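So you can see what is in the structure, the chains are spelled out below.
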Amino acid sequence: MAKQGISIDRKKCSLCGDCSRVCPSDALSIAGKQLSVKEVLEEIEKDRAFYEESGGGVTFSGGEPLLQPEFLNALLKECKVRAIHTTLDTCGFAQPEIIERIQSKVDVFLYDLKIMDDKKHRKYTGRSNELILRNLEKLAESARQIVISFPVIPSINDDEENVMETAKFVSSLRNVQQINLLPYHRAGIEKYKSLGKPYKLDGIRPPTSQGIKSVKERMEGFGIRVGIGGG
């Protein structure tokens, strides 16, 4: 990541990290590091006392954890051996066999749904939602605990048609515990700037409390338990 005001020719960057290690002004930094399964488990084990007291555990998030299926599977397997509760935060965009391989090791799926219309989904995410919806339907048949995450993004997915279609689809699924509404926020703008990338939602403002309430009430009309935030 680069500090504001720093000009970088990103076409010449190979992401080797050498420049960040020797830069005297700390103008660049590497936002992440490579760890082995053993090293990640050592970090997880440090908080075991908190898991046991609270009934919580580990949430694998991202990015998208399913993009590293072998690493994720190994971590989930070790957590199960250690009786550590596991939650997977995913958008569900993965080949079905990947989800089949890990699903028995996941206690709770936090499954992200954004837009039901495939054409509109492609427009805003760059991908079809066909695989995402199909994976969710199949996962719901497996008796795993599932909570839907629905990011509320004004003028993009909070219209009545999308809200109603999402609620209708979710209400048809088995083993879905509830929908959590996640109000859109602008916390990622500075990160995009530091990465030299355009923030395409710059004109979008967070939803109002009334807007969130309206989405909640419409979804509850389908008999779904709806929460606000991640809880």
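Notes on the structure in this doc start here. (Residues numbered from 1 in each chain as written. Predicted model: local features only at pLDDT ≥ 70, side-chain atom pairs only at ≥ 80, totals over all residues. Heavy atoms only, no water.)

**Considering unusual backbone geometry**
Residue Gly62 is joined to Gly63 through a cis peptide bond whose omega torsion reads 10 degrees. Within the fold, Gly63 resides in the loop between β1 (57-60) and α4 (69-81). One non-glycine residue, Ala83, adopts positive backbone phi at about 60 degrees. For Ala83, the location among the structural elements is in the loop between α4 and β2 (85-90). Its identity as a non-glycine residue notwithstanding, Ser155 has a phi of 75 degrees, on the positive side. With respect to the secondary-structure elements, Ser155 resides in the loop between β4 (145-152) and α8 (160-171). (Helix = DSSP H or I, 4+ residues; strand = E, 2+ residues; numbered from the N terminus.)

**Overview of the packing of α8 against helix α10 (residues 209-220)**
To describe two helices that pack against each other, one gives the angle between their axes and the distance between the axes. Contact pair α8 / α10: the axes reach a minimum separation of 9 Å and the direction vectors enclose 40 degrees. Between α8 and α10, the crossing angle belongs to the class labelled oblique. When the axes of α8 and α10 are compared, the crossing they make is right-handed. Packed against α8, whose contacting residues are Glu160, Val163, Met164, Thr166 and Ala167, the element α10 presents Val215, Arg218 and Met219 at the interface. (Axes fitted to C-alpha atoms, helices over the stretch in contact; angles between N-to-C directions. Parallel < 35°, antiparallel > 145°, perpendicular 65-115°, else oblique. Left-handed = near helix turned anticlockwise from the far one by under 90°. Contact = heavy atoms within 4.5 Å.)

**With respect to helix α7 (residues 130-140)**
Of all the positions in α7, only Leu131, Ile132, Leu133, Asn135, Leu136, Leu139 and Ala140 are classed as buried. The secondary structure elements touched by the buried residues of α7 are α5 (96-102), β3 (108-112), α6 (118-125), β4 and α8. (Buried < 20%, exposed > 50% of the residue type's maximum accessible area, 1.4 Å probe, protein only.)

**So, the pairing of β1**
Strand direction decides the pairing type here: β1 and β2, joined by four bridges, are parallel. Within the sheet, the bridge partner assigned to Gly57 lies in β2 and is His85. Crossover connection from β1 via α4 to parallel β2: handedness right-handed. (Pairing = 2+ DSSP bridges. Right-handed = clockwise from strand over helix to strand, strands pointing away.)

**Concerning the side chain of Thr87**
Relative to the assigned elements, Thr87 resides in strand β2. If we ignore the near neighbours within four places in the chain, the residues touching Thr87 are Val58, Thr59, Phe60, Val108 and Leu110.

**Overview of the packing of aromatic side chains**
Under the criterion given, the structure shown has one aromatic pair. Pairing Tyr192 with Tyr199 gives two aromatic rings, centres 5.1 Å apart and planes at 85 degrees, and the pair type is edge-to-face. Take Tyr192: its relative accessible area is 36%, and that puts it in the partly exposed class. (Phe/Tyr/Trp six-rings, centres within 6.5 Å; stacked < 30°, edge-to-face > 60°.)

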